[in-house]
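# Understanding the architecture of this molecule
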Amino acid sequence: MKKINIPIGAVTILKKLQNFGYEAYVVGGCVRDSLLGRVPKDFDITTNCLPEEVISIFESTCKVIPTGLKHGTVTILGDEGIPYEVTTFRIDGEYLDNRHPEKVQFTSSLKDDLSRRDFTINALAYNNENGLIDCFGGVNDLKNKIIKCVGNASDRFNEDALRMLRAIRFQAELNFKLDKDISESIPNLSENINDISIERIREEFNKIIFADASKIKELSDLGLLKCFIPEFEICFRTKQNNIYHVFNVAEHILCSINNIEDNLVLKLTMFFHDIGKPNCLSTDEKGVDHFYKHPKESVKIAKEILTRMKYDNKTIDRVLVLVEYHDMQIVSKKQIRRLLNKIGEDNLIDLLKVKEADMKAQNLDFYDIRHNELEVVRTEINSILEEEQCFKLKDLKINGNDLIKMGINPGKEVGIVLNTLLDRVLENPQLNTREKLIEISKTIN
């Protein structure tokens, strides 16, 4: 069996606990990822040492944080400054809210502790002395690439409804199949996801669209998506009878998400960019579908969902800007300067990424022509930026103090003149000299 490389900080904690006569193992995702050849994000530790005793053992040599004593968890900062969660073997009590156990009971049995975990591939423990502990066939499920619950799926999902979303997330991240017990249990329990905080749902949703957005279809088929983003369901039923498209609206959206880089704002933009299309569908006399003004409708729906899911305001604002402009045709330097003025350099650069991902999810017969047109726009943007052309008030070669010295009243009148000057310069960059702007100022009423 492959030896798992445990960080020195975790090894130190394991050995110290063992030296005091306790069992201690790294457990869960770090073991799973190590066996899959992936780099674990963190190493959690499980032990039969009670949390108060863990604190007593380590507090003289390490920084110890009692992060969750009620549930047996203590966080220890290792020598390298990395935090390690150390949790006592436990058995969870009854779950009455589909979220939290009413109480936890500490146990001396590692197997009992592993039995409360969600999936077999996460119910794995390891230390260098005893090797791999696999009580529920997790290694075999890793080999067979299957997501399977520890014990009965319905029991696990009734304990914590978020596990249903986690099953889809692991399926997306690992490219595994769902066990039949899972796929049959979720539709019957899907509405229990409403008992979960939207913040926890949001984090799983984010991880799914980063890993493989096509699994959003699985969320829909199993009845989960309608519980927190019901507005998206109609996209699966909305065809696009148009030469520029080969997918229905939902398939196009999910493909576009996978086409774009791993950035939350960009991933969310692709998820929402066409969500308003079903409400804007019209079909002409030739049977061709059109979706006039769908960006505006998409912005409206996106704002409702993003706010409901409690994304931060900065993320919401950036997503809405990109959704609003994603379908705009950019044909001239004048238009580029006005866009730079309106949405800023960073948003405009991201807008090109959005357009590229959008095109790649459409009829590829038209891709080369449209991609080349986009490259021309990219070149023109770079040219404008390199030439430091004016597209903001601060870039004007004249300022408010200059206007006041010319006799223009401070306050509103200065603002009107400056904005008028900027508008002229956006039309014609050659006007941005001090002399020309002074002359123009004199003519502004």
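Each remark here, short or long, concerns the structure printed above.
Please read all numbers here as calculations on a predicted model, not as lab measurements.

Turning next to the packing of aromatic side chains. Considering all chains together, one arrives at seven aromatic pairs under this definition. With centroids separated by 6.1 Å and ring planes inclined at 75°, the aromatic side chains of Phe205 and Phe228 adopt a geometry described as edge-to-face. In this pair, Phe205 is assigned in helix α9 (residues 198-211) and Phe228 in helix α11 (residues 225-228), connecting sequence segments 23 residues apart. Note on accessibility: Phe205 and Phe228 belong to one class, buried. Ring geometry for Tyr244 and Phe366: centres 4.7 Å apart, planes at 50°, overall tilted. Remark: Phe366 occurs in the loop between α17 (345-360) and α18 (367-386) and Tyr244 occurs in the loop between α11 and α12 (249-259); sequence separation between them is 122 residues.

Looking now at the sheet that holds strand β1 (residues 24-27). If you walk across this open sheet you meet the seven strands as β3-β4-β5-β2-β1-β8-β9, and the pairing is mixed. With one partner strand each, in any of the chains shown, β3 (63-68) and β9 (131-134) form the two edges of the open sheet. Sheet twist, expressed as the average angle between the axes of neighbouring strands with direction ignored, equals 30°. As paired strands, β1 and strand β2 (residues 44-47) are joined by four bridges and run antiparallel to one another. Its bridge partner lying in β2, Val27 is registered against Asp44. On the sheet, helix α1 (residues 8-19) packs against β1, β2, β4 (73-77), β5 (83-88) and β8 (124-127) and is oriented at approximately 150° with respect to β1. Against the sheet, helix α3 (residues 51-58) engages β2, β3, β4 and β5, with an angle of about 15° to β4.

What follows covers the side chain of Asp274. Structurally, Asp274 can be placed in the loop between α13 (264-272) and β12 (282-283). Under the relative-accessibility criterion, Asp274 is labelled buried at 1%. Within the local environment of Asp274, its side chain forms a polar contact with the side chain of His252, the two groups lying 3.2 Å apart. Among all residues touching Asp274, those that are not within four sequence positions of it are Val249, His252, Ile253, His294, Ser298 and His326.

Mapped onto the elements, Gln240 comes out in the loop between α11 and α12. The residues touching Gln240, leaving out its near neighbours within four places in the chain, are His245, Phe247, Asn248, Val249, His252, Lys277, Asp289 and Phe291.

Moving on, we get to α12. Along α12, the positions that sit buried rather than exposed are Val249, Ala250, His252, Ile253, Leu254, Ser256 and Ile257. Taken together, the buried residues of α12 touch α9, α10 (216-221), α13 and α17. The N-cap residue of α12 is Asn248: its side-chain oxygen and the backbone nitrogen of Ala250 are 3.1 Å apart.

A few words now on the pattern of salt bridges. Overall, the coordinates contain 29 salt bridges when judged by the stated rule. For Asp350, the salt bridge is made with Lys353, and the minimal N-O distance between the two is 3.6 Å. Residue Asp350 and its partner Lys353 are located together in helix α17, separated by three residues, close to a single helical turn. Look at Asp350 and you get buried, because its relative accessible area is 10%. A single salt-bridge network, built from bridges that share partners, covers Glu261, Arg318, Asp350 and Lys353.

So, about the packing of helix α20 (residues 412-427) against helix α21 (residues 434-443). Where α20 meets α21, the closest approach of the two axes is 10 Å, and the angle between their N-to-C directions is 120°. By the angle between their directions, the pair α20 and α21 is classed as oblique. Judged by the twist between their axes, the crossing of α20 over α21 is right-handed. The residues of α21 that touch α20, namely those facing Val417, Leu421, Arg424 and Val425, are Leu437, Ile440 and Ser441. In the contact of α20 with α21, the residues fall into five nonpolar, one polar and one charged.

Attention shifts here to the environment of Ile349. Position of Ile349 relative to the elements: it lies in helix α17. We classify Ile349 as partly exposed; its relative accessible area is 34%. Along the sequence, Ile349 and Arg378 sit 29 residues apart, while their C-alpha atoms lie 8.1 Å from each other.

Cut-offs used in this document
- Residues numbered from 1 in each chain as written.
- Predicted model: local features only at pLDDT ≥ 70, side-chain atom pairs only at ≥ 80, totals over all residues.
- Heavy atoms only, no water.
- Phe/Tyr/Trp six-rings, centres within 6.5 Å; stacked < 30°, edge-to-face > 60°.
- Helix = DSSP H or I, 4+ residues; strand = E, 2+ residues; numbered from the N terminus.
- Buried < 20%, exposed > 50% of the residue type's maximum accessible area, 1.4 Å probe, protein only.
- Pairing = 2+ DSSP bridges.
- Axes fitted to C-alpha atoms, helices over the stretch in contact; angles between N-to-C directions.
- Contact = heavy atoms within 4.5 Å.
- Polar contact = N/O pair within 3.5 Å; in protein donor to acceptor, adjacent residues only side chain to side chain.
- Salt bridge = Lys/Arg side-chain N within 4 Å of Asp/Glu carboxyl O.
- Parallel < 35°, antiparallel > 145°, perpendicular 65-115°, else oblique.
- Left-handed = near helix turned anticlockwise from the far one by under 90°.
- Nonpolar A, V, L, I, M, F, W, Y, C, P; charged D, E, K, R; others polar.

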